[in-house]
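Now for the letters of each chain:
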Amino acid sequence: MPEYPEYLAAVVFAVGGVFSAWRAPHRFSTAVLFCLAVTSVGLGVAGRSAAAHPTIATVLAVAAVLLALVLGLLLLVDGALLVRRYGPQAALLATGAAGCAVLAVLGLNAVFHVVGGEAFGSLLVAVNAVAGYLTLLFLVFAGYVCVRGRSTPLPDTSHVVVLGAGLDGDRPGPLLARRLERALAIDAARASDAQRVVFVVSGGQGEDEVRSEAEAMADYLRGRGVPADQIVREDRSVNTGQNLRFSAALVDGTAPGHRATVVTSGFHVYRTTLLARRVGVSVHVVGAPTSPAYWLAATLREFAAVLWLDRLPLVGLSLLLTVPVATAVFEH
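Residues numbered from 1 in each chain as written. Predicted model: local features only at pLDDT ≥ 70, side-chain atom pairs only at ≥ 80, totals over all residues. Heavy atoms only, no water.

Details of the overall build of the protein chain
Working step 1: When helices and strands are counted, the protein chain shows twelve helices and seven strands.
Working step 2: Counting over 332 residues, the protein chain shows a buried share of 45%.
Working step 3: For the protein chain, the exposed surface amounts to about 16800 Å²; the carbon and sulfur share of it is 65%. (Helix = DSSP H or I, 4+ residues; strand = E, 2+ residues; numbered from the N terminus. Buried < 20%, exposed > 50% of the residue type's maximum accessible area, 1.4 Å probe, protein only. Areas by Shrake-Rupley, 256 points an atom, 1.4 Å probe, with all protein chains shown as cover.)

A look at the confidence of the model for the protein chain
Working step 1: Per-residue confidence for the protein chain averages 81 on the pLDDT scale, and 83% of its residues sit at or above 70.
Working step 2: Of all helices and strands in the protein chain, the one with the weakest mean pLDDT is helix 12 (residues 322-331) (56), whereas helix 7 (residues 213-223) scores best (92). (pLDDT = per-residue confidence, 0-100.)

Concerning empty space enclosed by the protein
Working step 1: Inspection of every chain in the model, using the stated rule, returns one cavity of 30 Å³ or more.
Working step 2: Here the largest cavity is characterised by a volume of approximately 60 Å³.
Working step 3: The wall of the largest cavity is formed by Val161, Leu244, Ser247, Ala248, Val251, His258, Ala260, Val262, Val281 and Val283.
Working step 4: Listing elements by their share of the lining of the largest cavity, those giving two or more residues are helix 8 (240-254) and strand 6 (260-265). (1 Å grid on protein atoms, 1.4 Å probe; cavity = no way out; pocket = protein on both sides within 12 Å on 5 of 7 lines; lining within 4 Å. Points joined across faces, edges and corners; volume = space filled by probe spheres on them.)

Comments concerning the packing of helix 9 (residues 269-279) against helix 10 (residues 292-309)
Working step 1: At a closest axis distance of 10 Å, the pairing of helix 9 and helix 10 adopts a crossing angle of 20°. Here helix 10 runs roughly parallel to helix 9, going by the angle between their axes. The two elements helix 9 and helix 10 meet at a crossing, and its hand is left-handed. Together, Tyr270, Arg271, Leu274, Leu275 and Arg278 of helix 9 and Glu302, Ala305, Val306 and Leu309 of helix 10 make up the contact between the two elements.
Working step 2: The residue makeup of the contact of helix 9 with helix 10, split by class, is six nonpolar, no polar and three charged. (Axes fitted to C-alpha atoms, helices over the stretch in contact; angles between N-to-C directions. Parallel < 35°, antiparallel > 145°, perpendicular 65-115°, else oblique. Left-handed = near helix turned anticlockwise from the far one by under 90°. Contact = heavy atoms within 4.5 Å. Nonpolar A, V, L, I, M, F, W, Y, C, P; charged D, E, K, R; others polar.)

Notes on the sheet that holds strand 5 (residues 231-234)
Working step 1: Read across the open sheet, the five strands follow the order 5-4-1-6-7; overall the sheet is parallel. A strand with exactly one partner marks an edge of an open sheet, and here the two such strands are strand 5 and strand 7 (284-288). Averaged over all pairs of adjacent strands, the angle between their axes in this sheet comes to 25°, without regard to strand direction.
Working step 2: Examined bridge by bridge, strand 4 (residues 198-202) and strand 5 share four bridges and lie parallel to one another. Looking at the pairing, valine 201 lines up with arginine 233 of strand 5.
Working step 3: The strands touched by helix 7 are strand 1 (159-163), strand 4 and strand 5; relative to strand 5, the strand with the most contacts, the crossing angle is about 165°.
Working step 4: Set on the sheet, helix 9 makes contact with strand 1, strand 6 and strand 7; between it and strand 7 the angle comes to about 160°. (Pairing = 2+ DSSP bridges.)

Quick notes on the environment of valine 238
Working step 1: Relative to the helices and strands, valine 238 resides in the loop between strand 5 and helix 8.
Working step 2: Looking at valine 238, the relative accessible area reads 65%, which means it is exposed.
Working step 3: Sequence separation of valine 238 and serine 202 is 36 residues, and the distance between their C-alpha atoms is 9.3 Å.

What follows is the structure, given as C-alpha cells:
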C-alpha cells in the first residue's frame, strides 16, 4: 500500500479532471473530479501537518471554520428572509436547512474539542470530509454560475427565446420581467443594424397560474412597443427541456438558418446550457440579472438540480471519496 494514499488519490482525481476538461469542459463532472482531488489533499495535509507543522495546521483550520461559518450564516439568514417575504416554499426552506447543516457540522467539531474520544474523532473526520467536499463543490458551482451568467448574446442573433418563470397574478413576476427586459435590450442593440429580432416567448400555464406564461410575456412585450408580428408564442412547455425543444421546433419551422439566443436568469444559464446539449438544441444562452437576496437560494437550487441531472456519474465519482476518507479514518 502506498505511503501516502490520499495524495495518490488526489493525483488520480486531478488527472481525471484534466482529461474530462479536455474531452467535455462543459460537464460538471470535471469540477467534481478537481474537488475530489482538493479534498483528498486536504485530508492528507490535515492528517500529517498537525504534529509537524502545527502553525500551518491551525491557520488552515481557522480559515476553513470561518469560511464554513460565513456560508452557513448566509444560507440560514437568506433562507429566513426569503421565507418571511415569499412564504414557506420548498426551495427557500431548503436554503435555511442547508445553512443549519453547515452550522451543525461546526457544532460537532466544537463538541469534539470538549468531549474527545477516538470513535467520535474518526466519525468527525468522515463528516468533515463530506461536508468540506460538498461545500467546495457548491462554491465551484457558484463560480460556474457567475461566469456563465455573464455571457453576451450572439452578435447576429435573429431570434431571442425567453424562458418562462412564475407569474404575479396575470402579469410576469419580477424574475420573468428581468428576462424580458434583457431580451428587449438585445433587440435594441440589433435595431442599429436595421434588423429586429423575433421574440419567442416560451412557457405554458402552471396549475396555480391564471394564464400561460407565454401569453403574459407577449402582453408585456406589446406593452413595451414590440409589434405583434415580432412575437411568437410557445405555450405548451412545462419545464426547461420542453421550453428548448418546442421553441427550437417553432423557429426551425419558420426560419431555417437562424441564430438563436436564449434568455433566462443568470443563475439558470449553466443548467440551461447542459439541458440544451442533452436535448440536441444548438443555442447560445445568456442571463438576466437576479435580485441579490434571491441569488444564493436560486444558486443552491440549481446546484441540486445539476447534481440530479447527472446523478449517476456524479454519485459514482463522489463515492470514490471513500478511499481517502477511509485511509484518514484508519490513520486517525
